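# Geometric and topological summary
Next come the chains, spelled out residue by residue.
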Number of protein chains: 4
Amino acid sequence: MTKKKIGIIGATGYTGSELVRILKNHPAVEISLITSESRTGERFSDVHPFFQDIEDQKLISINQIEAFDLDLVFLALPHGVSMDFVKKFHDYPFKIVDLSGDFRLNSAVNYKQWYQMDHVYPEGIKNAIFGIPELFCDKIKMAKLVANPGCFPTSAILGLAPLMSSQLVETNPIIIDSKSGVTGAGVKSKPVNLYSNVNDNFKAYGLKNHRHTIEIQNILDQLSGKETMVQFTPHLLPVDRGILTTIYVRPLGILDAEKLGTIYHDFYADAPFVRLRRQLPSIKDVRGSNYCDLHVSYDARTNMIIIISVIDNLVKGASGQAVQNMNLMFALDEKTGLNLLPVNP
Amino acid sequence: MTKKKIGIIGATGYTGSELVRILKNHPAVEISLITSESRTGERFSDVHPFFQDIEDQKLISINQIEAFDLDLVFLALPHGVSMDFVKKFHDYPFKIVDLSGDFRLNSAVNYKQWYQMDHVYPEGIKNAIFGIPELFCDKIKMAKLVANPGCFPTSAILGLAPLMSSQLVETNPIIIDSKSGVTGAGVKSKPVNLYSNVNDNFKAYGLKNHRHTIEIQNILDQLSGKETMVQFTPHLLPVDRGILTTIYVRPLGILDAEKLGTIYHDFYADAPFVRLRRQLPSIKDVRGSNYCDLHVSYDARTNMIIIISVIDNLVKGASGQAVQNMNLMFALDEKTGLNLLPVNP
Amino acid sequence: MTKKKIGIIGATGYTGSELVRILKNHPAVEISLITSESRTGERFSDVHPFFQDIEDQKLISINQIEAFDLDLVFLALPHGVSMDFVKKFHDYPFKIVDLSGDFRLNSAVNYKQWYQMDHVYPEGIKNAIFGIPELFCDKIKMAKLVANPGCFPTSAILGLAPLMSSQLVETNPIIIDSKSGVTGAGVKSKPVNLYSNVNDNFKAYGLKNHRHTIEIQNILDQLSGKETMVQFTPHLLPVDRGILTTIYVRPLGILDAEKLGTIYHDFYADAPFVRLRRQLPSIKDVRGSNYCDLHVSYDARTNMIIIISVIDNLVKGASGQAVQNMNLMFALDEKTGLNLLPVNP
Amino acid sequence: MTKKKIGIIGATGYTGSELVRILKNHPAVEISLITSESRTGERFSDVHPFFQDIEDQKLISINQIEAFDLDLVFLALPHGVSMDFVKKFHDYPFKIVDLSGDFRLNSAVNYKQWYQMDHVYPEGIKNAIFGIPELFCDKIKMAKLVANPGCFPTSAILGLAPLMSSQLVETNPIIIDSKSGVTGAGVKSKPVNLYSNVNDNFKAYGLKNHRHTIEIQNILDQLSGKETMVQFTPHLLPVDRGILTTIYVRPLGILDAEKLGTIYHDFYADAPFVRLRRQLPSIKDVRGSNYCDLHVSYDARTNMIIIISVIDNLVKGASGQAVQNMNLMFALDEKTGLNLLPVNP
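Source: prediction; values computed, not measured. (Residues numbered from 1 in each chain as written. Chains lettered and ligands numbered in written order. Predicted model: local features only at pLDDT ≥ 70, side-chain atom pairs only at ≥ 80, totals over all residues. Heavy atoms only, no water.)

### Some points on the overall build of chain A
Looking only at helices and strands, one finds eleven helices and 13 strands in chain A. The C-alpha radius of gyration of chain A comes to 20 Å, within 12% of the 20 Å expected for a compact globule of 345 residues. In terms of principal-axis extent, the alpha carbons of chain A reach across some 60 × 45 × 40 Å. Going through the 345 residues of chain A one by one, you find that 67% of them count as buried. For chain A, the proportion of contacts with a sequence separation of at least 24, taken over those separated by at least 6, is 71%. Surface exposure of chain A reaches about 11300 Å², of which carbon and sulfur atoms provide 51%. Side-chain charges in chain A split into 35 positive and 36 negative, and the spacing between the mean points of these groups amounts to 2 Å. (Helix = DSSP H or I, 4+ residues; strand = E, 2+ residues; numbered from the N terminus. Rg over C-alpha atoms; globule rule 2.2 N^0.38 Å. Buried < 20%, exposed > 50% of the residue type's maximum accessible area, 1.4 Å probe, protein only. Contact = heavy atoms within 4.5 Å. Areas by Shrake-Rupley, 256 points an atom, 1.4 Å probe, with all protein chains shown as cover. Lys, Arg positive; Asp, Glu negative; His and termini not counted. Charge placed at Lys NZ, Arg CZ, Asp CG, Glu CD.)

Structure (structure tokens):
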């Protein structure tokens, strides 16, 4: 079988590095190029020394991309930068999985409001498919451009999707209290990810106005057919990777634990990466893997539903889900190359 | 000035150790005895080696306590054990600050339901004063027995008290999402505090039935004059000490950020250990100190109030607050000996 | 191709868990049984919940092993226990890789001195092959019983082997200053691996008498043909996995950096899991993988050689090396199933 | 008693912050000014938010210093910058404790070689007193300018001083293997102190050429009266604060553990901040305090001495020792204001 040719645009960040980690063992693709503008000409393993003797190819400039015959590119770029290339590549022959936030919202108006920036390619927003395979599998299979979801939205939406579709819960407010590892803040050195500011520490951030709020709310609106109101609060954990999201919603009518369990088991019966957990899941239970672990419970005393959703933000929350989307776009089994077992401890 | 004579009952745990750390520099008291049943005869610094050359007194048995002329004892014992000694000591001349959960709830019935144990001394429950000095200062000054609050309840109640008293918010549900350092689980080695289960990890626990739920709810009922419904979810942070509690409540009528700020500033105008923070507080901002840092905000988009409350669980959440209570019981300035500045980083 | 049938004896520890993580994706073997005496009848995923939906087979007792037709068993048991089973199994048809310390030393006398215990099966010591494939590949291929090396010895011996064989350095003293993650202390909860005793902390332990001292010294004696004197000091790092060993030796004659580099490159030319690193390696550079990363340098000012050796103690220091040995014992490529890329960060 | 007036030059780093933490509770001094060039006009608590309501004074420029009548200034500045101000202030009436490396070496030639920079004020080097009170108390009392030692040198020199003075050990090589917390790298965000590069990780750095090598060697030369040869290797621990140094030296003649112990007890009989530890010390045993904990042992098998030395790099390794020096310069008890008990856990 001829291997599909892949380009990774943006080598220096965590998502680029994770894409290489996953794709090096993927049986159906090969990494044809990796780009970096800031470190063109260096080896990939100069940027990420732990790849020495594993992936030593030279980084090229994105401007050299036309010399390659690619099947798909992953854009591992910052938002605001990514949309320029999606626009430029719109009639190139390769498919695109964009890992930035540029094509995840449902309108350029929302984009401007929450990202404080004009969108340069509103048509792209219309055509982009939101890449959660558990929800939008059929569309992803046909997509030319997939907007790979944000890490927080992946954890929150997978946790809430069965309830939204079933219309069994109040949708105002939906309390989403998320806790994320530091890699979510990116690889650039800054006070927020300085060791001594994070270690043995914990804090909230982005209160009331984090951009993932609207990304979550857009999709919940779509799934529920209602106008939802999401109260989303992210917090910064002293861990490298992983997100745990605790969700509080009130049932509309009468509910019990058994009915709740059935809804989730039915909804995710065919989802190989969603595990409905017997025990309360922890972040390390999924570390390095593409799983989303869910624990669902009903508190009869308070009449509230509590959902706990756990992912590795760099895998199911980014590069792993991107490969899962790629698999679907190539008509491969969505699990191909994603037999990554959790590394714990 | 004659120094007050203090007994510390229970040397091996973290609260015992923190009491010694604080009291060694307290100008008005001396530590007359420290007890341990499991390590009687050893030095305190054999149990906690970092106290070598600082506190090397021999540990005695609690049965030897009658040979001492004490002004106050701190009970740093597990719940279920503590109540036996409070009962035994009820007509002894010394005052008692009990750091266990045995005298915090408002009835023996509640105790039985949430602690799965009969209470041996229900009269003690009636006489015990709940020891949050910012709320019950006058009663504490007169108290013979103070029930030192739980760590989670301290953070949650101080965060909510101004709203409860002002009757401006809905009281069902009150969402309290707490994240605690590991020392909250005690010093005994067990899987829950095994390094490799905690490090680089995060999880929820005690979902729906943690004992601090009822402790919080009892006090919120009392402060608001209403029947409140608390949804409390604790999580385990990979940090040694510290609690951050995120609270979500909906206002009853019209509210704005300014009015909200005024309520808190007025309520805590005379509270030296409550800091109303300009920035979002983090756990290390209070580490080692007796501060409770609060950040209050109103989200006009969702019409929700979000309160963030941060304490060191071993200080304001246990031994520091115990000393603050002791100061009041001795008619000292409540700040005496508590000039502990945060150790950060 | 028929898959080889594997038994894992001892499911509850970290080495057992890592064996499953590696073998689940190994193309040439299947896990026929996993034993545990303390948790017989439970699922493997009850003991290690992160394996839910991955490895849910029931744990059996080791006494049921005779009902199976096995090709090889891994003994993931404590020392002192393991030798009983090696003795019992000595004429069973399957091969054995023993991960304990019971068959690593060169004599029962040494065993008694350093393990304070009589050895029950001295003939086993004679027949066991010390399982570092980079050094003893040919013997391992023929072995019935492989003594899988200790984690510290693996890092120290791989770091020193080229110098020992070349006879270019003084052998008294050889200073080996090692720093290990917590999983080296095992999975049992005890003060040494209590979170609050380890987190944000660091200390030495086992000063002067750690059992790995003699294991290292035995092999260095053998490689150098001299009597070496090893000063080995382990320290406990606040990390889950990983060992970094810093080694100081003095050259015998004239040396320079280039000559030193050549010795190492020649020695490890055919070793797929030894990486001679351009940069100073860190623990996370090998996390989850079977690599041993070496950095070799010569200080002309002091006339000393400094070697830094890094492994994942659970992989190259235990279960990964065990699988590498298994591959050789089955005449497979030693890399089979070990394409585990480092998980970093 | 009139309080001494203190200036802190350089507010933004960890040593400036720790000076404030210590001096706020010091009974004999007051902080008259704190300077910062990058954040002039902001409050100290804007730079270090955990000081809100504790130290809110405005930061001024160092150029305003002449308007103040100061008794002593602490220079908490980078090396290379500090020497300019020491030169400028050389006939100002206040005393100076310089926390940089600019005046620690014994000559401008050494400075140039190890710091790759010309020294602008070689006379200062001659007059500066190396500020380890346990060794140079009398000189410090008379000093106008104290060069506050580096963190690694403090731990290494205190560990070796009794052996150097007693001339009982070989001085080539002296192996000093140090492990430091991240705050040693300063407060500026850069890859070396990025959370994900440090957390759950460990590595060596500065191999063979770290500047503290020569600082240690200069003092050991002076103490021993010989030419010593120091092999110093620093490593980066995933902890905020603390240094543990493991030292290996060979005795010259016959030695035993008892004799070794006596040497240290005699040498440090009057040193309130040096604790000769019964147990192996850990970093948290001294966290937040001014202690240097030493553990000394002799290995009869190998004929080697192993010394373990532990300090908090920000306290005994920087700001605490600076205050101890200040106390001596003011003819105060050296312990004044340094009753900082270890914060553990």
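Continuing now.
### Describing the pattern of salt bridges
Once their charged atoms are close, side chains differing in charge can pair, the charge on each being opposite to the other. Residue and element names in this part refer to chain B. Applying the stated criterion across every chain yields a total of 76 salt bridges over all chains. Linking Asp285 and Arg277 is a salt bridge whose minimum nitrogen-to-oxygen distance equals 2.9 Å. The pair Asp285 / Arg277 is uniform in exposure class, with both members buried. One salt bridge connects Arg277 with Asp293, and the closest N-O pair in it is separated by 2.7 Å. Separated by 16 residues along the polypeptide, Arg277 in the loop between β11 (274–276) and β12 (292–299) and Asp293 in strand β12 bring together distant segments of the chain. (Salt bridge = Lys/Arg side-chain N within 4 Å of Asp/Glu carboxyl O.)

### Quick look at the interface of chain B and chain C
Facing 19 residues of chain B, the contacting portion of chain C comprises 19 residues. Roughly 1400 Å² of surface becomes buried between chain B and chain C when both sides are summed, with 49% attributable to carbon and sulfur atoms. The tally of links between chain B and chain C comes to zero salt bridges. Connecting chain B to chain C are eleven residue pairs in polar contact (both at pLDDT 80 or more). Residue composition of the side of chain B that touches chain C, by class: nine nonpolar, five polar and five charged. (Buried area = accessible area lost by both parts, 1.4 Å probe. Polar contact = N/O pair within 3.5 Å; in protein donor to acceptor, adjacent residues only side chain to side chain. Nonpolar A, V, L, I, M, F, W, Y, C, P; charged D, E, K, R; others polar.)

### Some thoughts on helix α7 (residues 151–166) of chain B
Residue and element names in this part refer to chain B. Helix length check: α7 (16 residues) gives 24 Å between terminal C-alpha atoms against 22 Å at 1.5 Å per residue, within 8%. At Leu160, α7 shows its maximal kink, close to 45°; a proline, Pro162, follows between one and four residues later. Within α7, 14 of the 16 residues are buried, which leaves it mostly tucked inside the rest of the structure. Phi for Gln167, located one or two positions after α7, is positive at around 60°. (Expected span 1.5 Å × (residues − 1). Bend = angle between axes of the 7 residues up to and from the residue.)

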